[in-house]
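Fold and contact review
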Amino acid sequence: PQNAALAGLRVVITAGPTREPIDPVRYISNHSSGKMGYALAAAARRAGAEVTLVSGPVNLAAPAAVQVRPVVTAADMLAQASAAVDEGCDIFIATAAVADYRPASCADQKIKKSAEDMALALVRNPDTLATIAGRENAPFTVGFAAETTDVAHYANDKMQRKKLNMIVANDVSRPGLGFNSDDNAVTVFWPGGQQEFATESKAGLAERLVALISERFRQA
Ligand code: PMT
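Residues numbered from 1 in each chain as written. Predicted model: local features only at pLDDT ≥ 70, side-chain atom pairs only at ≥ 80, totals over all residues.

**Describing the overall build of the protein chain**
This is how the line gets drawn: By definition, any uninterrupted DSSP run of H or I lasting at least four residues is a helix, any uninterrupted run of E lasting at least two residues is a strand, and each is numbered from the N terminus. To assign burial, the other C-beta atoms lying within 10 Å of each residue's own C-beta are counted, with C-beta atoms placed from the backbone; 20 or more indicates buried, 12 or fewer indicates exposed, and intermediate counts indicate partly exposed. The contact criterion used here is simple: two residues whose C-beta atoms, placed from the backbone, lie within 7 Å are in contact.
What the protein chain contains, in helices and strands, is 5 helices and 12 strands. If you line up the protein chain on its principal axes, its C-alpha atoms span 60 × 35 × 35 Å. Across the 220 residues that make up the protein chain, the buried fraction comes to 40%. Restricting to contacts in the protein chain with at least 6 residues of sequence separation, those with at least 24 account for 62%.

Rendered as structure tokens:
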């Protein structure tokens, strides 16, 4: 560890996209690369925390001395994140871009091309962050919000609805930021306060976010 901001604390972080299968060869997903979550995991580790990273499918190496639990679907993410929190968790950070919906059923065989049009029935996925924040004795929970309009309004609304201690809002409509980029710019909200972080590398931003999270955690 390079500093002791999170020394002795257990941190669980979700990262990356989920994949929701349509048939054996197809899925629904999104452009999350996992970079933001992996950068936070590395920064939390450098701050002395014991870190578990629940990660959807990404092309990133595990950060040094971080335990990675790979998952594929939103249902897996909920199961693995819940198990990790059960083992002990002081701070839970959800950076994953979880698919909100999954196909109502996954076809056993590859779906054949036939009619000109086809429709896919979708059902809601479980919300890992809301489930963990809603637990009795919930850890200190930090959500992310990927928005394209009214960022502050939707982020504050999510924080209240999901009962979060903090929310990190990124405007994913800004080119070069957010999904699958190396840089990000965010505004962090907590009940009664907010702080803006200008564009910088996800690694640099992760260091600052860990410092702010540790400060808010100690005041909670
Ligand atoms: O992975 P990168 O390429 O580095 O990109 C980073 C990022 C843009 C994905 C990241 O910074 C980010 O904004 N992550 C949240 C993306 C998102 O899907 O936000 P949301 O507004 O849909 O979800 C709100 C919060 O609830 C998030 O903390 C999310 O992890 C959580 N959630 C959402 C749905 C669900 N079923 N389960 C969840 O836990």
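**Things to note about the sheet that holds strand 1 (residues 10-15)**
Heads up, the rule is: One bridge is not enough; two strands pair if DSSP finds at least two bridges between them. Here, axes are lines fitted to C-alpha atoms. For helices the fit covers the stretch in contact, and angles between N-to-C directions go from 0 to 180 degrees.
Taken together, 8 strands build an open sheet; the order of strands is 5-4-1-6-9-10-11-12 and the sheet is mixed. Of all the strands in the sheet, just strand 5 (67-70) and strand 12 (193-201) have a single pairing partner and so form its edges. Going from strand to strand, the sheet's axes swing by 15° on average, the running direction of each strand aside. Both strand 9 (residues 140-147) and strand 10 (residues 166-171) contribute to a ladder of 6 bridges, which runs parallel. The partner of Gly-143 across the bridge, within strand 10, is Ile-167. The sheet strands contacting helix 1 (residues 35-46) are strand 1, strand 4 (50-55), strand 6 (91-94) and strand 11 (183-190), and the helix crosses strand 1 at an angle near 165°.

**What to know about the pairing of strand 9**
We apply this condition: With the strands pointing away from the viewer, any crossover whose connection runs clockwise from the first strand over the helix to the second is right-handed.
Buried residues dominate strand 9, accounting for 6 of its 8 residues. Note on the crossover from strand 9 through helix 4 (residues 151-161) to strand 10: the handedness is right-handed.

**With respect to the nonpolar core**
Side chains that are nonpolar tend, in soluble globular proteins, to be buried together. Quick reminder of the rule: In this usage, the nonpolar core is the set of buried Ala, Val, Leu, Ile, Met, Phe, Trp, Tyr and Cys residues whose C-beta atoms join them within 7 Å.
One finds Val-11, Leu-40, Ala-44 and Val-210 to be the most contacted residues of the largest nonpolar core, which totals 59 residues. Those residues in contact with Val-11, other than ones at most four positions away along the chain, are Leu-6, Ala-44, Ala-49, Val-51, Asp-90, Ile-91 and Ile-93.

**A look at the UniProt feature "binding site: CTP" (unreviewed entry) in the protein chain**
Filter applied, for reference: UniProt positions are given in the numbering used here, feature names are shortened, and annotations may be inferred rather than shown by experiment.
Sequence positions flagged by UniProt for "binding site: CTP" (unreviewed entry) are, in local numbering, Asp-100, Lys-110, Phe-144, Lys-158 and Lys-162. Look at the named residues: they lie 63 residues apart in sequence, and the longest C-alpha span between them is 37.5 Å, so in the fold they stay spread out. Summarising the element assignment, Lys-110 is placed in the loop between strand 7 (101-103) and strand 8 (122-124). For Lys-110, the residues in contact, after removing those within four places along its chain, are Asp-23, Pro-24 and Val-25. Here Lys-158 is to be found in helix 4. On the basis of neighbour count, Lys-158 is assigned to the partly exposed category, with 19 C-beta atoms found within 10 Å.

**Examining the packing of helix 1 against helix 5 (residues 202-219)**
Stated formally: Oblique is the label for any angle not under 35 degrees, not over 145, and not in the 65 to 115 range, which are roughly parallel, roughly antiparallel and roughly perpendicular in turn. By the definition used in this description, the sense in which the near helix is turned from the far one sets the handedness, with an anticlockwise turn below a right angle giving left-handed and a clockwise turn giving right-handed. In this classification, the charged set is Asp, Glu, Lys and Arg, the nonpolar set is Ala, Val, Leu, Ile, Met, Phe, Trp, Tyr, Cys and Pro, and all remaining amino acids, among them Gly, are polar.
Where helix 1 meets helix 5, the closest approach of the two axes is 8 Å, and the angle between their N-to-C directions is 50°. Between helix 1 and helix 5, the crossing angle belongs to the class labelled oblique. The two elements helix 1 and helix 5 meet at a crossing, and its hand is right-handed. Counted together, Lys-35, Met-36, Ala-39, Leu-40, Ala-42, Ala-43 and Ala-44 of helix 1 and Lys-202, Ala-203, Ala-206, Glu-207, Leu-209 and Val-210 of helix 5 form the full contact between these two elements. Tallied by class, residues from the contact of helix 1 with helix 5 come to 10 nonpolar, no polar and 3 charged.

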